[in-house]
Amino acid sequence: MRHYHAEPRLSEYAIFNHVVYLAGQVPENSDGDIVAQTSNVLAQVDHLLAEAGSDKSRILMCQIFITDMANMAGMNQVWDAWVVPGCTPPRATVQAALANPDWLLEIVITAAQT
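Residues numbered from 1 in each chain as written. Predicted model: local features only at pLDDT ≥ 70, side-chain atom pairs only at ≥ 80, totals over all residues. Heavy atoms only, no water.

Moving on, we get to the overall build of the protein. Looking only at helices and strands, one finds 2 helices and 6 strands in the protein. A compact globule built from 114 residues would reach a C-alpha radius of gyration of about 13 Å, and the protein, at 14 Å, matches this within 12%. Projecting the C-alpha coordinates of the protein onto the three principal axes gives extents of approximately 40 × 40 × 20 Å. Buried residues in the protein amount to 40% of all 114 residues. A separation threshold of at least 6 residues defines the contact pool for the protein, and within that pool the share at least 24 residues apart is 69%. Accessible area for the protein stands at about 6,200 Å²; split by element, carbon and sulfur atoms hold 52% of it. (Helix = DSSP H or I, 4+ residues; strand = E, 2+ residues; numbered from the N terminus. Rg over C-alpha atoms; globule rule 2.2 N^0.38 Å. Buried < 20%, exposed > 50% of the residue type's maximum accessible area, 1.4 Å probe, protein only. Contact = heavy atoms within 4.5 Å. Areas by Shrake-Rupley, 256 points an atom, 1.4 Å probe, with all protein chains shown as cover.)

See the structure below:
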């Protein structure tokens, strides 16, 4: 197993047996609404998956933590435009309090390497 961008508390991702495990990705800029924050987080996911030798068509599982289910439609709008048709991954979405009250969502991804 290898860890990447390892810091004292967490790594941005780990790879084991050609499976990429991303840490929870949160907005870099928490000033925006759910659409802006979701777009930002998914761009980070794209970047990390590419760095790890994978892409969004290879996602095995996605977990989304959202602070308010009233934001679900806006989040899904961005998600639906982002996912690869025919490769929509299994997904769980739950309402949760996040570490930073300005974050509206956090996304955890597991993907296969290409």
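We now examine the nonpolar core. Taken as a class, soluble globular proteins show a tendency for nonpolar side chains to be buried jointly. One finds Leu22, Leu49, Trp79, Ile107 and Ile109 to be the most contacted residues of the largest nonpolar core, which totals 25 residues. Those elements giving two or more residues to this core turn out to be β2 (13-16), β3 (19-22), α1 (34-51), β4 (59-66), α2 (72-82) and β6 (105-112). Among the elements that line this core, the one with the most residues is α1, at 6 residues. Each residue touching Leu49, except ones within four places of it in the same chain, is listed here: Val20, Leu22, Ser54, Asp55, Lys56, Ile59, Ile109 and Ala111. (Core = buried A, V, L, I, M, F, W, Y, C linked by side-chain atoms within 4.5 Å.)

Its place among the elements puts Ser39 in helix α1. Considering only alpha carbons, one finds Ser39 and Val78, 39 residues apart in sequence, at a separation of 6.4 Å.

Our next topic: the packing of aromatic side chains. As enumerated under the stated definition, the model contains 2 aromatic pairs in all. Both rings, one in Tyr4 and one in Tyr13, keep their centres 4.7 Å apart while their planes meet at 15°; by these two values the pair is stacked. Judged by its relative accessible area of 22%, Tyr4 is partly exposed. Relative accessible area serves as the criterion here: at 2%, Tyr13 is assigned to the buried category. Their ring planes at 45° and their centres at 5.4 Å tell us that Trp79 and Trp82 sit as a pair that is tilted. A residue pair is termed a helical-turn pair when its members lie 3 or 4 positions apart in one helix, as Trp79 and Trp82 do in helix α2 at 3 residues. Here Trp79 matches Trp82 in class, with each residue buried. In this arrangement the basic side chain of Arg91 is found over the ring face of Trp79, its NZ or CZ atom lying 5.1 Å from the centre. (Phe/Tyr/Trp six-rings, centres within 6.5 Å; stacked < 30°, edge-to-face > 60°. Lys NZ or Arg CZ within 6 Å of the ring centre and 35° of its normal.)

Relative to the helices and strands, Gly24 is located in the loop between β3 and α1. Taking the C-alpha atoms as reference points, Gly24 and Met75, 51 residues apart in sequence, are found 16 Å from one another. In this structure, Gly24 is in contact with Glu106, Ile107 and Val108, ignoring residues within four places of it in sequence.

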